[in-house]
Structure formats: C-alpha cells, structure tokens
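# Coordinate analysis (summary)
If you want the building blocks of each chain, they are given just below.
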Amino acid sequence: MSGKMIRVLYLYENLNIGGAEQLLVTTLKYLDYGKFKPLVYCIGKKGRLAEEVEKNGIPVKLLNKKSSLYNIGIVLELIKIFKRERPDVLHANLFYPGYFGRIAAFFAGVPVVIVTEHGTHSNLKKWYHYCIDFTLSFFTTKIIAVSCAVREYLLKYSRIRADKISVIYNAVDFERFDSVYDTDKDLIRSKLNFPGSDFLIGAVSNLAPWKGQHILLEAFRDVLKTFPEARLYIIGRDNNGFQHRLEKFAQENNFLEKVHFLGERRDVPQILRALDAFVLPSLSEGLGISLLEAMYLGLPAIASGTEGVLEIIEDNKDGLLFPPGDCKALAEKLIEVLKDREKAASLGVNAREKIKKRFSPQGYIEKLSALYLFK
C-alpha cells in the first residue's frame, strides 16, 4: 500500500464530546496528508466535535441511523458507502461502529479493518457483545487497545487472539494546551468568573455511575470540613439524569452551592488551568484522556487505581492513587495536596514531564500510520 495515497475511512457513532471523539480530532490534526486521505462518517448525528473536524476541510457525512443490533439497514448503507468511497482502511471506534463497520467491510472487500477499544467496562456489556467481538475479530486486521489494561480485558472477556491486538496509548494534543500553560491562573479564573482565592478542584468526564462522580462528591463533603472555601467543578455531559442524583446528594448534605456542573465544554484547557487539583474518580477506566490532559498542564492529579490509570500514575511521584470507590481515601488525598502546596507542585512538574515523553501526538501518529500501511 505504501506507493499510493491511502484512503482511511473513520467510522463513529457520533462526534459528541468524549475521549474517543477527541482522539479523532487530534489524529486528523497531526495525520500526514501526503500519505493519507481521511474520510469521516457518523452512524447517527454529528455532535459538537464535528465542527472542529470540518474546520480542517474534512466533511463529516451522516447516515442518520439509530444504532441497534438488529438494524441491518446500517450494514446495507455502509456496504454502499464503502463500495463508493473505496477506502483502503476502515478505522472504527467503539462497539456499534465496529459491529456494523466490520460486517459491511467484509462484504465490500475493504483491505484493512481496524477497530479501537477504549474501555474496560465489563459491567456495560452483555455476553452476546463478547460473542460478537470474538466472531468479528476474525474479520479484523488489528484491534487497537488504548492501554495494556484494555488489551488484558479483550483477552479475558472477548477471547480475542493476542496477535490481533496492538497497544497504542492515546495522545494529548500538546498545542491545544500549550496556549494556556503560561497564562496567569488568576487571569484565567477572572475570565471564567471563578473565585480567585478559593481552592478549586475539578473532574472531567461524562456523568455516569461508573465514572465515579458520586464518590467524588462524598469525598468533597469531607474536604469541606478542612477547607470550607473549596469549590468543585464537574465538566461533562449528563447521562440518564445522573446529574440530578448528584445534585440531590449535594443539596441534602448542604453544599450544593459549592459544586458547579458545567456540562459539555470546549474550553477544557482554560478550566484545567484554573484548578488547584484534578480528580479522576472512575470505578473503571481504560486509560483516561482527561487525566493525561490535566497532568500535561502540571496539575496535581488524584485518581482511582483502576486498570489503565496504573499505567499512567506512579503513586506519590507524578500523582496520587486511591482505591476505587473509597471516598475516605480520596478525601485524604485531596486534603493532602491542598495542604502541602510544595508537594502538589512537585507532583505536577513530574506529571507534565511524563506526559510529554509518553503521550505525544507525533508518537501516536507514527504507530497508527504503521497499522494503516500494515507494516
């Protein structure tokens, strides 16, 4: 394939704000357009990140279909698209694009089929999902696992052959965050209408039980006993009314005015720069791109010691770990970094250096390109 322009068709459910979707934006920003021609399709709606993709001159095309296991019309539509677009590579992300895309790619004769797996959420999948993943792995060139933890998850639950899986860590778009790194924190807070003197703690992820925001709120309740001026900022899209449950807990415990739910935001670099500490309280996490971003900005990060997180943070060196679901331990770690500003700064410096070395977009693109060229 190396002697011609390679046509890569990216298939997503939608381009709502999320880690997998942000990775596409980063990929398209750093991809070598002298070698690759990207095409982007969504099964459903566009989502907010589609605009950023289209700014680079890459149209996001839609099927406007609702995903379900039995919607064979999606497969038929994709077969037509693949035969018309003639991609050399299909790169699908997450379950439904991987499900529909691989079946269609088989019938349309797409030469290289790649699927990226981002999570280790065994509680979200049924037995038949694993059967589907196992069966379709025989029609897949490579499965990208975003961490060794995701690789082990695929081996254990989907019984996928080890030689089918390549580990490629997610990348951080350094340029996106460099613009705010040297900006004065008080100036950023002023622009965001955040208080200038309080201790600000933040978390970034979609709101859902497995993301652990309820654990964070319980811990924050204890933090307020030591730091009553502290504030908590939670960024992310609500799922199935989970935000209401979180708000109810904070209200019942008389600290709702200290918690700010910001919803989906594209100014995450500015928000992170305004914080004093970052928390990733997930009960399960394949890697955690928001954690990588916070660490790149030099924030002291406190994260639950789950799967992929253990591949990022070395406890007490470039971040702090706590047992998943342990709100008391999380509260203790938060109080520790808020009390010991020298240690917090040291954690942040070490964190930034680690991310710069291990999670660069250039390194990611180099490994991804090798798979596209099937080297």
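Keep in mind the model is a prediction, meaning the values are calculated, not measured. (Residues numbered from 1 in each chain as written. Predicted model: local features only at pLDDT ≥ 70, side-chain atom pairs only at ≥ 80, totals over all residues. Heavy atoms only, no water.)

## Some details on the sheet that holds strand E2 (residues 36–42)
The cut-off we apply is this: At least two bridges found by DSSP between two strands are what make those strands a pair. Comment: elements are numbered from the N terminus, with helices defined as DSSP H or I runs of at least four residues and strands as E runs of at least two. Angular values range over 0 to 180 degrees, each being the angle between N-to-C directions of two axes fitted as lines to C-alpha atoms, with helices fitted over their stretch in contact. Note on definitions: a residue-residue contact is assigned when non-hydrogen atoms from the two residues lie within 4.5 Å.
The parallel open sheet is built from seven strands, whose spatial order is E3-E2-E1-E4-E5-E6-E7. The open sheet is flanked by strand E3 (60–62) and strand E7 (165–167), the only strands paired with a single partner. Averaged over neighbouring strand pairs, the angle between their axes works out to 25 degrees when direction is ignored. Bridge count between strand E5 (residues 112–117) and strand E6 (residues 142–145): four bridges; the pairing is parallel. For Val-115, the partnering residue across the bridge sits in E6 and is Ile-143. Seen against the sheet, helix H6 (residues 148–158) touches E5, E6 and E7 and runs at an angle of roughly 165 degrees to E7.

## Some thoughts on the packing of aromatic side chains
How two aromatic rings sit relative to each other is set out by the distance from centre to centre and by the angle between their planes. Let me state the cut-off plainly: Pairing of aromatic side chains requires ring centres within 6.5 Å, counting the rings of Phe and Tyr and the six-membered ring of Trp. Pairs whose planes differ by under 30 degrees are stacked, by over 60 edge-to-face, and all others tilted. A ring has a charge above it when a Lys NZ or an Arg CZ is no more than 6 Å from the ring centre and no more than 35 degrees off the ring normal.
With the rule as written, the count across this model stands at 19 aromatic pairs. When the ring of Tyr-130 is compared with that of Tyr-157, the centres are 5.6 Å apart and the planes differ by 25 degrees; the resulting orientation is stacked. Placement of Tyr-130 in helix H5 (residues 127–136) and of Tyr-157 in helix H6 is noted, with a sequence separation of 27 residues between them. Aromatic rings pair up to connect Phe-95, Tyr-96, Tyr-99 and Phe-100 into one cluster. In this structure, Arg-352 is placed above the aromatic ring of Tyr-181, and the distance from its NZ or CZ to the ring centre is 3.6 Å. Arg-352 extends its terminal NZ or CZ atom over the ring of Tyr-296, reaching a point 4.4 Å from the ring centre.

## A few points about the side chain of Ser-67
Counted only if it meets this: Distance and chemistry together define a polar contact, namely a pair of N or O atoms within 3.5 Å, with one atom able to donate a hydrogen and the other to accept it when in protein, and with adjacent residues in sequence counting only for side-chain atoms on both sides.
By the secondary structure assignment, Ser-67 is in the loop between E3 and helix H3 (72–85). A polar contact of 2.8 Å, which involves the side chain of Ser-67, links it to the side chain of Glu-13. Those residues in contact with Ser-67 that sit more than four places away from it in its chain are Glu-13, Ile-43, Ile-74, Tyr-96 and Phe-100.

## Notes on the pairing of strand E1 (residues 6–12)
For clarity, the cut-off: The buried label applies to any residue whose accessible area, calculated with a 1.4 Å probe on protein chains only, is under 20% of its type's maximum; exposed applies above 50%, and partly exposed to all values in between. For crossovers, right-handed means that the path from the first strand over the helix to the second runs clockwise, given strands pointing away from the viewer.
The buried fraction of E1 is high, at six of seven residues. Bridge analysis of E1 against E2 gives seven bridges, and the strand direction is parallel. Residue pairing in the sheet places Leu-11 in a bridge with Tyr-41 of E2. Assessed by its sense of winding, the connection that carries the chain from E1 through helix H1 (residues 19–30) to E2 is right-handed.

## Observations regarding the packing of helix H13 (residues 327–339) against helix H14 (residues 341–358)
For clarity, the cut-off: By definition in this entry, angles of less than 35 degrees are roughly parallel, angles greater than 145 are roughly antiparallel, angles of 65 to 115 are roughly perpendicular, and the rest are oblique. All residues other than Ala, Val, Leu, Ile, Met, Phe, Trp, Tyr, Cys, Pro, Asp, Glu, Lys and Arg, Gly among them, are scored as polar; the first ten of these are nonpolar and the last four charged.
Direction vectors running N to C along H13 and H14 enclose 100 degrees, while the axes themselves pass 5 Å from each other. Judged by the angle between their axes, H13 and H14 are roughly perpendicular. Seen from H13, the contacting residues are Glu-336, Val-337, Leu-338 and Lys-339; seen from H14, they are Arg-341, Lys-343, Ala-344 and Leu-347. Of the residues that constitute the contact of H13 with H14, the class distribution is four nonpolar, no polar and four charged.

## Focus: the pattern of salt bridges
Here is the rule: Basic side-chain nitrogens of Lys or Arg form a salt bridge, by our definition, when they fall within 4 Å of a carboxyl oxygen of Asp or Glu.
One pass over the full model with this rule turns up 25 salt bridges. The partner of Asp-88 in a salt bridge is Lys-4, with the nearest N and O atoms 2.8 Å apart. Here Asp-88 is found in the loop between H3 and strand E4 (89–93), whereas its partner Lys-4 is found in the segment before E1, with 84 residues between them in sequence. Between Asp-276 and Arg-341 there is a salt bridge, with its nearest N and O atoms 3.2 Å apart. Residue Asp-276 is located in the loop between helix H11 (268–274) and strand E11 (277–280), and its partner Arg-341 is located in helix H14; the two are separated by 65 residues in the primary sequence. Looking at Asp-276, the relative accessible area reads 9%, which means it is buried. On the basis of relative accessible area, Arg-341 is assigned to the partly exposed category, the value being 34%. It is possible to trace a salt-bridge network through shared partners that takes in Lys-185, Arg-189, Asp-276 and Arg-341.

## Observations regarding the pairing of E6
For a regular strand, side-chain orientation follows a simple rule: the groups alternate between the two sheet faces. Residues of E6 alternate between two faces, with Lys-142 and Ile-144 on one and Ile-143 and Ala-145 on the opposite face, all of them buried. Bridge count for E6 against E7 is three bridges, and the pairing is parallel. Its bridge partner lying in E7, Ile-144 is registered against Ser-166. Following the chain from E6 across H6 to the adjacent parallel E7, one finds a crossover that is right-handed.

These values are about where atoms sit, not about what they do.
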